[in-house]
Amino acid sequence: MTDIVSEELTHIPRGYGVRHGWLRTYYNRYRRRDLSKGKTKEETLLYCIDEIRKEDPNWHPEYDITFFKI
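I will try to describe carefully the structure that is included in this document. In this text, all values refer to a predicted model and were calculated from it rather than measured experimentally.

All right, on to the overall build of the protein chain then. Helices and strands together make up the secondary structure of the protein chain, namely three helices and zero strands. Expected size for 70 residues packed as a compact globule is a radius of gyration near 11 Å; at 11 Å, the protein chain falls within 12% of this value. Its C-alpha atoms give the protein chain principal-axis dimensions of about 30 × 20 × 20 Å. The 70 residues of the protein chain split such that 33% are buried. By sequence separation, contacts in the protein chain at least 24 residues apart represent 55% of the contacts at least 6 residues apart. About 4,500 Å² of surface is accessible on the protein chain, with carbon and sulfur atoms providing 50% of the total.

Below is the structure:
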């Protein structure tokens, strides 16, 4: 599970401000839970983005759009 999440996190670049750091942290936390429930990486990413947008509705995340098919 750790290897899967670590590899997926390479598609969410570091940097781009505080909220982007939150995205990586949230994704790391919630992806582990979602893997055990059979959810897709896209479902996890969308959940994390939605959670951050509750704090900042105008925030635009940076991630590999070819890896995450959203």
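With that out of the way, let us pick up the nonpolar core. The nonpolar side chains of a soluble globular protein tend to be buried, and buried together. With 13 residues, the main nonpolar core has Ile12, Leu23, Tyr27, Leu45 and Phe68 as its most contacted residues. Among the secondary structure elements, those contributing two or more residues to this core are helix 1 (2–9), helix 2 (18–37) and helix 3 (41–53). Ranked by the residues each element gives to this core, the list is headed by helix 3, at four residues. Contact partners of isoleucine 12, with chain neighbours within four places excluded, come to His20, Leu23, Arg24, Tyr27, Leu45, Glu62, Tyr63 and Phe68.

Thresholds, definitions, all that
- Counting starts from 1 at the beginning of each chain's written sequence and moves along it residue by residue.
- Local features in this predicted model are restricted to residues of pLDDT 70 or higher, and side-chain atom pairs are both shown and tallied only at a pLDDT of 80 or more, whereas totals for entire chains, interfaces and linings draw on every residue.
- Hydrogens and water are ignored here; the side-chain numbers use all heavy atoms of the structure.
- The helix count covers DSSP runs of H or I at least four residues long, the strand count covers runs of E at least two residues long, and both are numbered beginning at the N terminus.
- Only C-alpha atoms enter the radius of gyration; for comparison, a globular chain is expected to reach 2.2 Å times N to the power 0.38, where N is the number of residues.
- Only protein chains enter the area calculation, which uses a 1.4 Å probe; residues under 20% of their type maximum are buried, those over 50% are exposed, and those in between are partly exposed.
- Residue contacts follow a heavy-atom distance rule, with two residues in contact if any of their heavy atoms lie within 4.5 Å.
- Only the protein chains shown count as cover for residues, and the accessible areas themselves come from Shrake-Rupley with a 1.4 Å probe.
- The term nonpolar core refers to a set of buried residues drawn from Ala, Val, Leu, Ile, Met, Phe, Trp, Tyr and Cys, joined through side-chain atoms within 4.5 Å.

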